[in-house]
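Okay, here's what each chain looks like letter by letter:
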Protein chains: 4
Amino acid sequence: MSSMWGNKVKISLFGESHGVGIGVVIDGLPSGIDIDMQLVTEMMERRAPGRYSGSTSRKEPDIPKVMSGLYRGKTTGTPLCAVIENTDTRSSDYEKTAMKPRPGHADLTGMARYGGANDPRGGGHFSARIMAGFTFAGAVCRQILEKKGVKIFSHIYSISNIEDEPYNPVEMPSDVSRKSFPVLDEAKGLQMQECIIEASRQLDSVGGIVECMATGFPAGLGRPIFGNIESRLASILYAIPAVKGVEFGSGFEVARSRGSINNDHPHFFDNGIRLRSNHAGGVEGGISNGMPVLFRCAFKPTPSIAQAQDTVNLDAMKNDTIEIRGRHDACVVPRALPIVEAAAAICLLDVFEEG
Amino acid sequence: MSSMWGNKVKISLFGESHGVGIGVVIDGLPSGIDIDMQLVTEMMERRAPGRYSGSTSRKEPDIPKVMSGLYRGKTTGTPLCAVIENTDTRSSDYEKTAMKPRPGHADLTGMARYGGANDPRGGGHFSARIMAGFTFAGAVCRQILEKKGVKIFSHIYSISNIEDEPYNPVEMPSDVSRKSFPVLDEAKGLQMQECIIEASRQLDSVGGIVECMATGFPAGLGRPIFGNIESRLASILYAIPAVKGVEFGSGFEVARSRGSINNDHPHFFDNGIRLRSNHAGGVEGGISNGMPVLFRCAFKPTPSIAQAQDTVNLDAMKNDTIEIRGRHDACVVPRALPIVEAAAAICLLDVFEEG
Amino acid sequence: MSSMWGNKVKISLFGESHGVGIGVVIDGLPSGIDIDMQLVTEMMERRAPGRYSGSTSRKEPDIPKVMSGLYRGKTTGTPLCAVIENTDTRSSDYEKTAMKPRPGHADLTGMARYGGANDPRGGGHFSARIMAGFTFAGAVCRQILEKKGVKIFSHIYSISNIEDEPYNPVEMPSDVSRKSFPVLDEAKGLQMQECIIEASRQLDSVGGIVECMATGFPAGLGRPIFGNIESRLASILYAIPAVKGVEFGSGFEVARSRGSINNDHPHFFDNGIRLRSNHAGGVEGGISNGMPVLFRCAFKPTPSIAQAQDTVNLDAMKNDTIEIRGRHDACVVPRALPIVEAAAAICLLDVFEEG
Amino acid sequence: MSSMWGNKVKISLFGESHGVGIGVVIDGLPSGIDIDMQLVTEMMERRAPGRYSGSTSRKEPDIPKVMSGLYRGKTTGTPLCAVIENTDTRSSDYEKTAMKPRPGHADLTGMARYGGANDPRGGGHFSARIMAGFTFAGAVCRQILEKKGVKIFSHIYSISNIEDEPYNPVEMPSDVSRKSFPVLDEAKGLQMQECIIEASRQLDSVGGIVECMATGFPAGLGRPIFGNIESRLASILYAIPAVKGVEFGSGFEVARSRGSINNDHPHFFDNGIRLRSNHAGGVEGGISNGMPVLFRCAFKPTPSIAQAQDTVNLDAMKNDTIEIRGRHDACVVPRALPIVEAAAAICLLDVFEEG
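Only a predicted model underlies this, so the values are computations on that prediction, with no experimental measurement involved.

### So, the relation of the copies chain C and chain A
After a rotation of 180° and a shift along the axis of 0.0 Å, chain C superposes on chain A with an RMSD of 0.0 Å. In short, the pair behaves as if placed about a two-fold rotation axis. Taking the C-alpha atom as reference, chain C places Glu354(C) closest to the rotation axis, 3.8 Å from it. The overlap is high: 100% of the interface residues of chain C also sit at the interface in chain A, so the same surface is used on both sides.

Now the structure itself:
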């Protein structure tokens, strides 16, 4: 546990937001697979700041340096490590407020967990910046899955109360990953962007939901009881900062449904048995059923906001207020898409390789 | 993975619905703790059928036989195994339909996973009956947590579109576990029961949501990035059959909220720092913050319904219909409460013992 | 860790020597494999007392009751649990000496570990009796390995300073498992038996070495650095009570050898590349090389001896003596063979299934 | 598994001998502990080549760059990653012989394992060079253990058939780690060095044994059955290249001993109960008993020797010979001491932190 995850394909994340560098070790990759570093970089850039208005102005080139695990462009099968040096760290933004824990952050809990020894600068190991290494790992795993016919898609499902068109749960969706604001319905995307800018203007932030789908994942993978796909996906998704809800298929809507409607019925189609609907999100009894794996996760509003907030002052040992002036997105959702896809890729490759 | 779960306190589940017996091994319990078997039995009975109208008529005495791990009424610290023999198994209910996979069940996926070798009777190892051993483990872990001041509560949050009063996220709730239909608002409980009976009359089923809270859990437990409390709770909760959504604190509602509202603000109260709200559900950055741990899980409608449903016939290799005549609840939620509490108890004890 | 072991095929052991029962859960077995329970019982009987002179008179029928995981004689792929009830437990043998820790046993360390809460009767969970469940698991795994062409052999390599003929490291050995005293050289076997009887007469005990070989194990399995076959075999072998040394191939003799002699040289034979010697014991760089996997483990003399021994009295808090009158073998080695084979079978199946 | 090890304190090793760099991630360290990087460097330098005659001439500065996990000189509690760039790599030494697997190396098994995709240069991930990261991790863990009163010692127990004075198993030994050739008996040390030089002159190599002791390790740590200290130490020790035997306390000698002699008898001394001997090597029933933890491991002769050896030629598909001209020690034992100490430190800290 801790900062390692996986069964057969394991990742080990390290780094602090304002330390020397961050990175990831990926252990258990299949050997002899070509990895296109250009595609890796592209996926990582989708997580980088500055792609859409309202995004933080921090400039991180985030060029991963591969230390091991690739030989002549192919996976060796032995651990692949990538390191990303931290270059643009302005710690002074944070240090002056070190004794005033930021509401909605892990400042207080991190202090409790580590007796005050953890690196507090920019959230340290709790920072979303650690997700750069995670995204790298996902970009590698995704390429391996693609060679097996598995494709991963995501879009912004909602920002605040503005909803994009949902994925059709039984079909491969269109790929919007190259859009600067990845939605299916452009008009809704514009409304969402306005909503984020408006929140930013009000020194506030908004949340949203990411929807993700994996197509081509074969039936019969995953294991009861605890090795099931939903447990494993939820486990890795909740490691993404700001995620507060995870649901599969029809998700929380199942609570309002009826068995006659919610059951997915097997049917002989021309090319074999498939289900006629996908309320289950591709997983029945924890095992893949051959339908698209479909899930959504809810992201809370960025906790760092510029307006004054109540907090405590641990120096003065009294109540106080804080205004967070650093570089922060008014909504984490747009940059979260590649992270969610990375989680899906790492997890599904782990399940796949387990056989 | 597979049917084992945990880090420091580990459980290993075994058994098939209509096999010789089911049970659990719990490894890593602290030693020297008194276990009241009467309380264990009471918690298990809350999972047993027949407690409320609409429940299956299967009679399972479900008397756990403790094989090891208790000596003179106390935990030894070495593995505690409990076995429950299967006594009331009417396999013929199932065998005649073995080649017609039940929609919404793991019949097809289990077959794919195990090449047809898994025990198909009553869902075999996929059956919710396996949760009897899980509930036993939870009942043991809960007693250990209670000695540390941690209490676990749950109630039926909703059935179909009827909602109980939610828990106040910053207060210890009232304990409704001894009610035959555990809700806070009795009038809503009656409506829910009518809703279930009505669904049953229509040979259909309904879903619902369970809300669960743990109070007294100390701050500073759990670990970033993957050893966080949300990942671990979600991982164990998704092992419960029929769960399709898990959310913490304000859950999916955070997507519609704003940072200024959703952030929980630290404040000096008379007895030290606490947060003034609990949108985070007691977990910030994956670490407990001392507030009640609060989560909800969505249960799908019971997939076994008596009306004719489309499915495939694997003998005849053609489309067919199935009517499921066995003993099934029209809603799994009421019996799911002790299972959800068990999941919380096992997970939080694991996190607690990890230190 | 604790009482669970394995990566892909995992076992969970439970039970105390004089508790209600003992047993094992095996998780991750391949599905659809025929298991011959008669063969399982035969392997377990080789561990049972009373097969050769000098053995304890405790009569344990040790009939495993399979609770789950087998359906119509085949593995289901879901957890296989077997329970063995303890029937012939004479706890009074032990209780009177409970406060006088037996030298060479885990009485003191168990007390330290569990704060005195562990079951002290007959060593509780530390008892070699727990190896009955372990042997059951090994007997199941062995049958699955045999279907893949892997065979496991062992013999008594030495008792005290009397040595059997060693295995030829490059050839399949003869199977002596059905002998009541399993050695290659009968004359040496008789001397060994005399040695054990002589020790017993002197109220003493002797140690010895078991040699074990697995043939037919394919090349290319296991993983660097920590998933290597030697680490995994050593890890499971040291879980067997009384093992104090484990070596592979030429073992400790390599320290006296030279590179020119100790290196195994690859050579094209008629049926492909093999090595011309097997000093490595079938494992190079932690990975199987296709040669027989060969190892030895040293067992200490039975710590329970009937002569007076110095110990402490924890009631009186003073030095004291103890005479251990229970039923004990003067040498554990003969009964250890099936346990060592079980360890090899469980481990090699785990490595095999990992792929 | 694979290249990750540990339960509570986990390490993840990465790197190939001639790749960009190697390193280690250490997860689960206690927080707030001062780490003296000078001491870390000193321990790593003991592994570096060139300290004694007969050592390889490869010059590796091996300066670890700490990427994360230290803040103001103390452990943060979050993952500590150190990276060591490979600077002095002369791959051409190896590439011309790539298709002639070196006897005694993992060339053939690595090829089988990874389908030929692994980095073959200098053994790639199988190279003893990976132990630099391992030694770094050990040097960190050792400092944390020392603050808890645990000290780790080792010496060259034997080279070929020349034996140093053994450790007295019940006493803290003298620290010879700063000697250029670390033995207790200087005269024997000179003989050993001559023996190594002589082997080198004959284009051959010799093996030897390392003895290691940890003092001050408290009683009651480790767990039955598989979480025992011997299993865990053996597991990590067998990950060190060239180890072919591991034994605890009296080790293989127990096989020739008698219970009356081999049992360690508890006794009230002035400062409490201790054992009067330490045949068990500080571990009884897998749990520490408060006596020094004592073990030995046998190292095979360096497989790389300059004389002609038989092997196969995979290009020509015929038998061939190989002469290995690279930079190699004629005996790995002297440089193995800090690696063995590192293994002990990592393992014992893991056991300690598990509690």
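### So, the sheet that holds strand S2 (residues 10–15) of chain B
Strand pairing in a sheet relies on backbone hydrogen bonds, with the paired strands running either antiparallel or parallel. Residues and elements named next belong to chain B. Here five strands make up an open sheet; going across it, the order is S1-S2-S3-S7-S4 and the pairing antiparallel. Here the strands that pair on one side only, and so sit at the sheet edges, are strand S1 (4–5) and strand S4 (65–68). For strand S3 (residues 21–27) and strand S7 (residues 80–85), the ladder comprises six bridges, and the chain directions are antiparallel. Paired with glycine 23 across the two strands is valine 83, which belongs to S7. Here helix H4 (residues 131–147) sits on the sheet in contact with S2, S3, S4 and S7, set at roughly 30° to S3.

### Quick notes on the interface of chain C and chain A
Across the contact, six residues belong to chain C and six residues belong to chain A. Buried surface at the junction of chain C and chain A, both sides included, amounts to about 440 Å², of which 37% is carbon and sulfur. Between chain C and chain A we count zero salt bridges in total. Between the two partners, chain C and chain A, sit two residue pairs in polar contact (both at pLDDT 80 or more). Here the side of chain C that touches chain A is built from residues that sort into one nonpolar, two polar and three charged.

### A few points about the state of the cysteines
Working definition of a disulfide: a covalent bond connecting the sulfur atoms of two cysteines. All names here are of chain A. In total, this model carries zero disulfides over all chains according to the counting rule given. A disulfide-free cysteine, cysteine 141 has its sulfur positioned 10 Å from the sulfur of cysteine 347, the nearest such atom. Residue classification places cysteine 141 among the buried residues on the basis of a relative accessible area of 0%.

### Things to note about the pattern of salt bridges
Tallying each qualifying case throughout the model produces 105 salt bridges over all chains. For Asp310(A), the salt bridge identified is with Arg276(B), shortest N-O distance 2.3 Å. Of the two residues, Asp310(A) is situated in strand S17 (residues 309–313) and Arg276(B) in the loop between strand S13 (272–275) and strand S14 (283–284); the pairing between them involves two chains. Given the relative accessible area of 32%, Asp310(A) is considered partly exposed. Its salt-bridge partner being Arg142(C), residue Glu341(C) comes within 2.8 Å of it at the nearest N-O pair. Here the residue Glu341(C) occupies a position in helix H8 (residues 333–354), and Arg142(C) occupies one in helix H4 (residues 131–147), the gap between them amounting to 199 residues.

### Let's talk about the interface of chain C and chain D
Taken together, the contacts link 106 residues of chain C with 106 residues of chain D. Roughly 8,000 Å² of surface becomes buried between chain C and chain D when both sides are summed, with 61% attributable to carbon and sulfur atoms. At the surface where chain C touches chain D, the tally comes to nine salt bridges. Counting across the chain C and chain D interface gives 55 residue pairs in polar contact (both at pLDDT 80 or more). Here the residues of the side of chain C that touches chain D are counted per class, giving 49 nonpolar, 39 polar and 18 charged. Sheet topology note: the strand S11 (residues 243–248) of chain C/strand S11 (residues 243–248) of chain D ladder contains three bridges and is antiparallel.

### Regarding the sheet that holds strand S16 (residues 293–299) of chain C
On the basis of which strands lie adjacent, the open sheet formed by 10 strands has the order S9(C)-S8(C)-S10(C)-S16(C)-S11(C)-S11(D)-S16(D)-S10(D)-S8(D)-S9(D) and antiparallel pairing. The outermost strands of the open sheet, each flanked by one partner alone, are strand S9 (162–163) of chain C together with strand S9 (162–163) of chain D. As judged from the eight bridges shared by strand S8 (residues 151–159) of chain C and strand S10 (residues 208–215) of chain C, these two strands associate in the antiparallel manner. Across the sheet, Ile156(C) pairs through a bridge with Val210(C), a residue of S10(C). Each of S11 and S16 of chain C together with S11 of chain D is contacted by helix H6 (residues 229–237) of chain C, which is oriented at about 160° to S11(C), the strand it contacts most.

Criteria and cut-off values
Residues numbered from 1 in each chain as written. Chains lettered and ligands numbered in written order. Predicted model: local features only at pLDDT ≥ 70, side-chain atom pairs only at ≥ 80, totals over all residues. Heavy atoms only, no water. Least-squares fit on C-alpha atoms with pLDDT ≥ 70 in both. Contact = heavy atoms within 4.5 Å. Pairing = 2+ DSSP bridges. Helix = DSSP H or I, 4+ residues; strand = E, 2+ residues; numbered from the N terminus. Axes fitted to C-alpha atoms, helices over the stretch in contact; angles between N-to-C directions. Buried area = accessible area lost by both parts, 1.4 Å probe. Salt bridge = Lys/Arg side-chain N within 4 Å of Asp/Glu carboxyl O. Polar contact = N/O pair within 3.5 Å; in protein donor to acceptor, adjacent residues only side chain to side chain. Nonpolar A, V, L, I, M, F, W, Y, C, P; charged D, E, K, R; others polar. Disulfide = S-S within 2.5 Å. Buried < 20%, exposed > 50% of the residue type's maximum accessible area, 1.4 Å probe, protein only.

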